[in-house]
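Each chain, written out:
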Amino acid sequence: FKVEAAELIVARLPLKFRFETSFGVQTEKVIPLLILHGDGVQGVAEGTMERAPMYREETITGALGLLREVFLPRILGRSFPNPEALNDALGSFRGNRMARAMVEMAAWDLWARTLGVPLGTLLGGRKEAVEVGVSLGIQPDEAATVEIVRRHVEEGYRRIKLKIKPGWDVQPVRAVREAFPDIRLTVDANSAYTLADAGRLRALDDFDLTYIEQPLAWDDLLDHAELARRLRTPLCLDESVASARDARQGLALGAGGVINIKVARVGGHAEARRVHDIAEAFGAPVWCGGMLESGVGRAHNIHLSTLPNFRLPGDTSSASRYWERDLIEEPLEAESGLMPVPPGPGTGVTLDRAFVGEIAELQEEHRV
Ligand code: OSB
Ligand code: MG
């Protein structure tokens, strides 16, 4: 496929809900998009970095500069046999995996559309629908937590994940477990604890959680391994796995028994598949995380989730939960906790150019 031109867009969408996590409150999403134009087809990807480096170290401003000045000049006007060759052309630049993933993921979509094949099929996936759960932000109190869980359990989500932070952990988990003894329940701390909190975290062992997601520092593996030895509940790594090597070392250390794969966090689909394969070799299940993406990023996530070791429900819940209006034309709605894989070539979804044009705060075209 040939990369003839690229478009960079930044759109903003208000969230339907207030999303509170251990690192703050979010009420809108700033969404960077990259469109790569080939011969009569285009590939689209979404950046999952945010304005501020809260989740990991990357930022939207940094990614835009890097794309303009370094990544796009290396690929514009060139032809590549496949997305991995394009990724190689980005050289051995360090870090910045989310920025790099924008290029790599758009290239996968472009290539799959060139070949007329669904992205998931090209990655080696087989499912026609994937199991999904939901990630629920911190609520004002126990009653509100039980209520919002009830709504999502009734909608059929196959796993409920509660955000926790020090001072708000055992209380919501106990309340939800008492109300719903049989649901698949997990928690996500987004790195809010340290090893000194091991006693507090051990109290969570009483509630039959499937895993505790990223309790310790975003760049730590060793302390997670120590914590894992002190708890019965498995740990799930999110922030701390930025590569297949991190996954191998984390699993070898016993830092986690489960991995949340976010395709952009690890630098794209090829690296995500390597993380998937390594986890499979260790007998560890993976699931597909999310970053409150628009339909563009969510479609990529759904296709990736069709690989066989995605054995636990992902975070890609229905688009209508997040937005009044999505950036794509197709609805991405789960039915009884099953999210259909959008059919057709590539990601199977179409950017709503008119709507994106209306809400874009930046739109630029790059060509050689
Ligand atoms: O830790 O998984 C996380 C959202 C933004 C940043 C980090 C995380 C999340 C979520 C939301 O949990 C998942 C989603 O609904 O997309
Ligand atoms: Mg997480």
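One structure accompanies this document, and this report is about it. All values derive from a computational prediction rather than experimental measurement.

## Digging into the packing of helix H5 (residues 142–154) against helix H6 (residues 170–179)
Between two packed helices, both the angle of their axes relative to each other and the distance between the axes serve to describe the pair. Between H5 and H6, whose axes approach to 9 Å, the crossing angle comes to 45 degrees. Viewed along their axes, H5 and H6 adopt a mutual orientation that is oblique. Every pair of crossing elements has a handedness; the one defined by H5 and H6 is right-handed. Here Glu142, Thr145, Val146 and Val149 of H5 lie close against H6, whose contacting residues are Gln171, Pro172, Ala175, Val176 and Ala179.

## Some words on helix H9 (residues 244–253)
Those residues of H9 that sit buried are Ala244, Asp246, Ala247, Gly250 and Leu251. The arc enclosing the buried residues of H9, seen along the axis, measures out at 155 degrees, which places them on a common side. Glycine 254 lies just past H9 and shows a positive phi near 80 degrees.

## Side note on the site of ligand 1
Close to ligand 1 lie Tyr55, Ser135, Asp188, Asn190, Asp238, Gly289, Gly290, Met291, Leu292, Asp315 and Ser317. Residue composition of the shell around ligand 1, grouped by class: three nonpolar, five polar and three charged.

## Things to note about the packing of helix H1 (residues 60–75) against helix H3 (residues 97–115)
It is the contact of H1 with H3, at a shortest axis distance of 10 Å, that shows an interaxial angle of 45 degrees. In terms of orientation, H1 and H3 fall into the oblique class. Once H1 is placed against H3, the crossing between them reads as right-handed. Contacts between H1 and H3 pair Ala63, Leu66, Leu67, Phe71 and Ile75 from the former with Met98, Ala99, Arg100, Met102 and Val103 from the latter.

## Digging into the sheet that holds strand S9 (residues 235–237)
In space, the seven strands of this open sheet follow the order S5-S6-S7-S8-S9-S10-S11, with parallel pairing throughout. Looking at strand neighbours, the two that pair on one side only are strand S5 (134–136) and strand S11 (286–288), the edges of this open sheet. Here strand S6 (residues 160–163) runs beside strand S7 (residues 185–188); their pairing, made up of four bridges, is parallel. Considered in S7, the bridge of lysine 161 is made with threonine 186.

## Brief notes about the pairing of S6
Residues in a regular strand point their side chains to alternate faces of the sheet. A two-sided burial pattern is seen for S6, the buried positions comprising Ile160 and Leu162 on one face and Lys161 and Lys163 on the other. In this region the chain leaves S5, passes through H5 and returns to the parallel neighbour S6; the handedness of that crossover is right-handed. Of the crossover connections in this fold, the one passing from S6 over H6 to the parallel S7 is right-handed.

## Structural notes on the environment of serine 243
Tracing the backbone through its elements, the reader meets serine 243 in the loop between S9 and H9. Given 15 C-beta atoms within 10 Å, serine 243 falls into the partly exposed group. A C-alpha to C-alpha distance of 9.8 Å links serine 243 and isoleucine 261, two positions 18 residues apart in sequence.

Cut-offs used in this document
- Residues numbered from 1 in each chain as written.
- Chains lettered and ligands numbered in written order.
- Predicted model: local features only at pLDDT ≥ 70, side-chain atom pairs only at ≥ 80, totals over all residues.
- Axes fitted to C-alpha atoms, helices over the stretch in contact; angles between N-to-C directions.
- Helix = DSSP H or I, 4+ residues; strand = E, 2+ residues; numbered from the N terminus.
- Parallel < 35°, antiparallel > 145°, perpendicular 65-115°, else oblique.
- Left-handed = near helix turned anticlockwise from the far one by under 90°.
- Contact = placed C-beta atoms within 7 Å.
- Buried ≥ 20, exposed ≤ 12 C-beta atoms within 10 Å, placed from the backbone.
- Arc of directions from axis to C-beta.
- Near = placed C-beta within 6 Å.
- Nonpolar A, V, L, I, M, F, W, Y, C, P; charged D, E, K, R; others polar.
- Pairing = 2+ DSSP bridges.
- Right-handed = clockwise from strand over helix to strand, strands pointing away.

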